[in-house]
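# Survey of secondary and tertiary structure
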Amino acid sequence: PHILHLGPDRILYCTNGRYLASHDPLTSAGSTQAFDLGANMESTCLENYGNYIAIGARARFSAGSTVVGEAKLFLWDGIKPTPDFVFDLKDNDVTALKEHNGVLHIFTFGKRAGTTRVKILSGNDIITVFESTNIGNGPKPRSVEVFHEQIMWLWGSGNGRVSSLINLGNGRFGHHQPMHPRSDTTSITG
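Quick look at the structure, then. (Residues numbered from 1 in each chain as written. Predicted model: local features only at pLDDT ≥ 70, side-chain atom pairs only at ≥ 80, totals over all residues. Heavy atoms only, no water.)

### Things to note about the environment of Leu6
Counted only if it meets this: Under the scheme used here, helices are H or I runs from DSSP no shorter than 4 residues and strands are E runs no shorter than 2 residues, and both carry numbers assigned from the N terminus. Contacts: residue pairs with any heavy atoms within 4.5 Å of one another.
The topology assignment puts Leu6 in strand S1 (residues 4-6). Along the backbone, Leu6 and Ile53 are 47 residues apart, and their C-alpha atoms lie at a distance of 9.3 Å. Setting aside chain neighbours within four positions, we find Leu6 in contact with Ile11, Leu12 and Asn48.

### Some points on the pattern of salt bridges
To keep it simple, the criterion reads: Each reported salt bridge corresponds to a side-chain nitrogen of Lys or Arg within 4 Å of a carboxyl oxygen of Asp or Glu. Each residue is assigned to one of three classes by its accessible area relative to the maximum for its type, calculated with a 1.4 Å probe on protein chains only: buried under 20%, partly exposed between the two thresholds, exposed over 50%.
Tallied over the full model, the rule gives eight salt bridges. Its salt-bridge partner being Arg18, residue Asp36 comes within 2.9 Å of it at the nearest N-O pair. Of this pair, Asp36 sits in strand S4 (residues 30-36) while Arg18 sits in the loop between strand S2 (12-16) and strand S3 (19-23), and the two are 18 residues apart along the sequence. The class of Asp36 is partly exposed, set by a relative accessible area of 33%. The salt bridge partner of Lys80 is Asp77, with a shortest N-O separation of 2.6 Å. We classify Lys80 as partly exposed; its relative accessible area is 33%. One continuous salt-bridge network, built from bridges that share partners, spans Glu42, Arg58 and Asp93.

### A short note on the sheet that holds strand S9 (residues 93-100)
Convention followed: Strand pairing requires that DSSP identify at least two bridges connecting the strands. Axis lines are fitted through C-alpha atoms, for helices just across the contact stretch, and the angle between N-to-C directions can take any value from 0 to 180 degrees.
Taken together, four strands build an open sheet; the order of strands is S9-S10-S11-S12 and the sheet is antiparallel. With partners counted over all chains shown, the strands left at the sheet margins are S9 and strand S12 (125-132), one partner each. Taking each pair of neighbouring strands and ignoring which way they run, the sheet shows an average axis angle of 25°. By the bridge criterion, seven bridges tie strand S11 (residues 116-122) to S12 in an arrangement that is antiparallel. Residue pairing for S12: Ser122 is matched across the bridge by Asp125.

Right, dumping it as structure tokens:
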């Protein structure tokens, strides 16, 4: 999908397959290939992270009759032709990114039995802070938001459910499923 995002440099970026497209609204300068993620890579989501553009991307290749992938996180300053940092996310897909209070939250999916994971970038490490097979597919890029100091997301499986994650401090996170809008009789456990 083509996802638009205003970068920290006030340039408008757009996912564009293996590239990021860019447009400077002040000068009308732009490029459909402003940044190249590399062969077989596909950009899926964007977010600001300090002075960087955080780019979620997945590699796609076939193993027999199955399409498998490898998700990566790129941090790019918007200037150099190469990324400043690249992190292997150890999952098949990265579906959404959200920065909150200086912490980059990374939503990944798929490597183990359809498990959705929430990871954070901590220094030079990617740390899984939550994972579940009960919450469906990873959220779509624009279905994650901050509300009442919690990261909240609409489940990507289309069932209308919402989850939230709150930083409890000391490296601990709490998960809650605050609502299930299509039913008032369903009990949700997590």
